[in-house]
Amino acid sequence: MDLVLISSAYNGLKVAKDIFSGFKDLQVETAALERINDAVKKVGEAQDAIFMLREELFRLQEENNYLKQQISDSDKWADIIGQYQLVATAGGAVVFKSNEEPLHFACPSCAQSKEIHILQDNRLIVGTFTCTKCKAQYPVKPQETMQPIKMQGW
Ligand SMILES: [Zn+2]
């Protein structure tokens, strides 16, 4: 049942109610008038029920559309995160690593929000990478040890 069908039923009942209400203006016996009033009341109740059904159907359609969108978004995310695996790097960071080239790391914090943001190498001796979104830093590479500078010619 859709909204158009419910609207048609509602309008049909409105016409019936108008017709019954028109009978009240005719010269009729008291018993007949009571039955007409009863019919008008019953049609009015049916109209109210149809109106409530229409509201409920509208609400359910909205909810259905929302849930379909949620499922679609969830499927897309499963495909995206499926291209990564959670790894512990040589520097001790726990981050997502891509399964395909070009190999890269992605921020685990942003992944909680269903977003992939690639970590960029800070090119520092401490081996940290930074998330382009949340700016979190991860010790992806092991810290480089300082090599003593060899002075030549001294
Ligand atoms: Zn991040």
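Residues numbered from 1 in each chain as written. Predicted model: local features only at pLDDT ≥ 70, side-chain atom pairs only at ≥ 80, totals over all residues.

Caption draft 1: Looking closely at the nonpolar core. Counting eleven residues, the largest nonpolar core consists of A93, V95, F96, F105, A106, C107, L119, F129, C131, Y138 and V140. Mapped by element, the contributors of at least two residues to this core are strand 2 (94-98), strand 3 (105-106) and strand 5 (128-131). With residues near it in sequence (within four places) discarded, F96 still touches Y84, Q85, L86, F105, A106, P108 and A111. (Core = buried A, V, L, I, M, F, W, Y, C linked by C-beta atoms within 7 Å. Buried ≥ 20, exposed ≤ 12 C-beta atoms within 10 Å, placed from the backbone. Helix = DSSP H or I, 4+ residues; strand = E, 2+ residues; numbered from the N terminus. Contact = placed C-beta atoms within 7 Å.)

Caption draft 2: Local environment of the domain arrangement of the protein. Segmentation of the protein into domains returns domain 1 (3-76) and domain 2 (82-139). Each of domain 1 and domain 2 has a C-alpha centre, and these two points are 58 Å apart. (Domains from an automatic or database assignment.)

Caption draft 3: Structural context of the sheet that holds strand 3. Taken in spatial order, the three strands line up as 1-2-3 in an open sheet, and their pairing is antiparallel. What marks the edges here is a single partner per strand, and that holds for strand 1 (84-88) and strand 3. For strand 2 and strand 3, the ladder comprises two bridges, and the chain directions are antiparallel. Pairing of F96 across the sheet is with A106, part of strand 3. (Pairing = 2+ DSSP bridges.)

Caption draft 4: Spotlight on the environment of D48. Mapped onto the elements, D48 comes out in helix 2 (residues 30-81). Distance from D48 to A90, taken between C-alpha atoms, is 69 Å for residues 42 residues apart in sequence.

Caption draft 5: Structural view of unusual backbone geometry. Cis geometry is found at the peptide bond from E101 to P102, where omega equals -10°. Within the fold, P102 resides in the loop between strand 2 and strand 3. In this structure, K114 is a non-glycine residue whose phi angle is positive, near 60°. On the secondary structure map, K114 appears in the loop between helix 3 (108-112) and strand 4 (119-121). Look at K114 and you get partly exposed, because 13 C-beta atoms sit within 10 Å. You will see that K135, though not glycine, has its phi angle at about 65°, which is positive. Within the secondary structure layout, K135 lies in the loop between strand 5 and strand 6 (137-139). On the neighbour-count criterion, K135 (9 C-beta atoms within 10 Å) is exposed.

Caption draft 6: Molecular detail of the environment of I80. Mapping I80 onto the fold places it in helix 2. Residue classification places I80 among the partly exposed positions, given that 14 C-beta atoms sit within 10 Å. Spatially, the C-alpha atom of I80 lies 8.2 Å from that of I116, the residues being 36 residues apart in sequence.

Caption draft 7: The arrangement of the sheet that holds strand 6 in detail. Taken in spatial order, the three strands make up an open sheet running 4-5-6, and their pairing is antiparallel. Lying at the two open borders of the sheet, with one neighbouring strand each, are strand 4 and strand 6. Looking at each pair of strands side by side, their axes are set apart by 35° on average, direction ignored. One ladder, built from three bridges, connects strand 4 with strand 5; its direction is antiparallel. Bridging across to strand 5, Q120 finds its partner in T130. (Axes fitted to C-alpha atoms, helices over the stretch in contact; angles between N-to-C directions.)

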